[in-house]
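Listed below are the residues making up each chain.
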Amino acid sequence: MNAKRRAPLDRKRVADTALDLLNEVGLEGLTLSAIGRELGVKAPALYWHFTDKQALLDEMATQMYRRMVNGMALDPADTWQQRLRASNHGLREALRGYRDGAKVFSGSRFTGIEHAEQMEDTLRLLTASGFTLSQAVRASATTYVYTIGFVTEEQGVEPLPDERREGFDVGERAQRMADFPLSAAAGAELFDDYERHFAEGLELVIAGIAARYKIH
């Protein structure tokens, strides 16, 4: 009788399993024990591949990035504004595909150098457009941080695109804050239509970059 051979355990398999589990349990519930159960191994077996949970998060973020760039084609004819728009809209869309995706991505260290190709291309485009290298880094990093922060807040309300946490009903909020009419009316701007909200905020950041560095 031949038993079905189990796929070998490696870093990619562990990270892929962790990303699948992330959508079910969120970052708080993503323990090495839970991942081990999904893989049919004891948690200590995972320490052969990852020294701690942060090392696993680093690999998960790297795998998220690999998946993102596989589905993202950047146009070499882009202006610098178009590039910042395209890359950050793509990043937001990718992060929203995972529960707590922005929290996993934020502060993680990539375990490979795949990101260097896109980074090099973007910095080359910005410096060719008139930015110094320092300005180009600041411009790309600022839009990136805006996107990470925005999605972190967005996922606090909508953990996944078709899911909304209790307590963020705009109508109920307006009733509770009836004595503060401007703040009550602001609820629709804060907690609805995240697509428009994100796009408008990104345009504000890009316009600020252009004004600050006088590059149009």
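Here the structure is a predicted model, which is why all the values come from computation and not from measurement.

## Quick word on empty space enclosed by the protein
Tallied over the full model, the rule gives 1 cavity of 30 Å³ or more. Here the largest cavity is characterised by a volume of approximately 30 Å³. Taken together, Arg-96, Glu-154, Gln-155, Glu-158, Pro-159, Leu-160 and Pro-161 form the lining of the largest cavity.

## Observations concerning helix α6 (residues 115-128)
Between the first and last C-alpha of α6 there are 20 Å, a value that for 14 residues agrees with the 20 Å anticipated at 1.5 Å per step. Along α6, the residues classified as buried are Thr-122, Leu-123, Leu-125 and Leu-126. The buried residues of α6 all sit within an arc of 160 degrees when viewed along its axis, so they share a single face. Facing away from the buried side of α6 by over 90 degrees, the exposed positions are Glu-117 and Ala-128.

## Description of the UniProt feature "DNA-binding region" (unreviewed entry) in the protein
Look at the UniProt record and you will see "DNA-binding region" (unreviewed entry) annotated at residues 31-50. As annotated, residues 31-50 comprises 40% helix and 0% strand, and the C-alpha atoms at either end are separated by 13 Å.

## Some points on the UniProt feature "domain: HTH tetR-type" (unreviewed entry) in the protein
Within the UniProt annotation, "domain: HTH tetR-type" (unreviewed entry) is assigned to residues 8-68. Structurally, residues 8-68 comprises 70% helix and 0% strand, and the distance from its first C-alpha atom to its last is 25 Å.

## Side note on helix α3 (residues 53-70)
Here α3 is 18 residues long and its end C-alpha atoms lie 26 Å apart, about the 26 Å a rise of 1.5 Å per residue gives. For α3, every residue scored as buried is listed here: Ala-55, Leu-56, Leu-57, Asp-58, Glu-59, Met-60, Ala-61, Thr-62, Gln-63, Met-64, Tyr-65 and Met-68. Lining the buried residues of α3 we find α1 (11-29), α2 (32-39), α4 (80-95), α5 (101-105) and α6. Capping the start of α3 is the job of one residue whose side-chain oxygen sits 3.3 Å from the backbone nitrogen of Gln-54: Asp-52.

Thresholds, definitions, all that
- Residues numbered from 1 in each chain as written.
- Predicted model: local features only at pLDDT ≥ 70, side-chain atom pairs only at ≥ 80, totals over all residues.
- Heavy atoms only, no water.
- 1 Å grid on protein atoms, 1.4 Å probe; cavity = no way out; pocket = protein on both sides within 12 Å on 5 of 7 lines; lining within 4 Å.
- Points joined across faces, edges and corners; volume = space filled by probe spheres on them.
- Helix = DSSP H or I, 4+ residues; strand = E, 2+ residues; numbered from the N terminus.
- Expected span 1.5 Å × (residues − 1).
- Buried < 20%, exposed > 50% of the residue type's maximum accessible area, 1.4 Å probe, protein only.
- Arc of directions from axis to C-beta.
- UniProt positions renumbered as here; feature names shortened; annotations may be inferred.
- Contact = heavy atoms within 4.5 Å.
- Polar contact = N/O pair within 3.5 Å; in protein donor to acceptor, adjacent residues only side chain to side chain.

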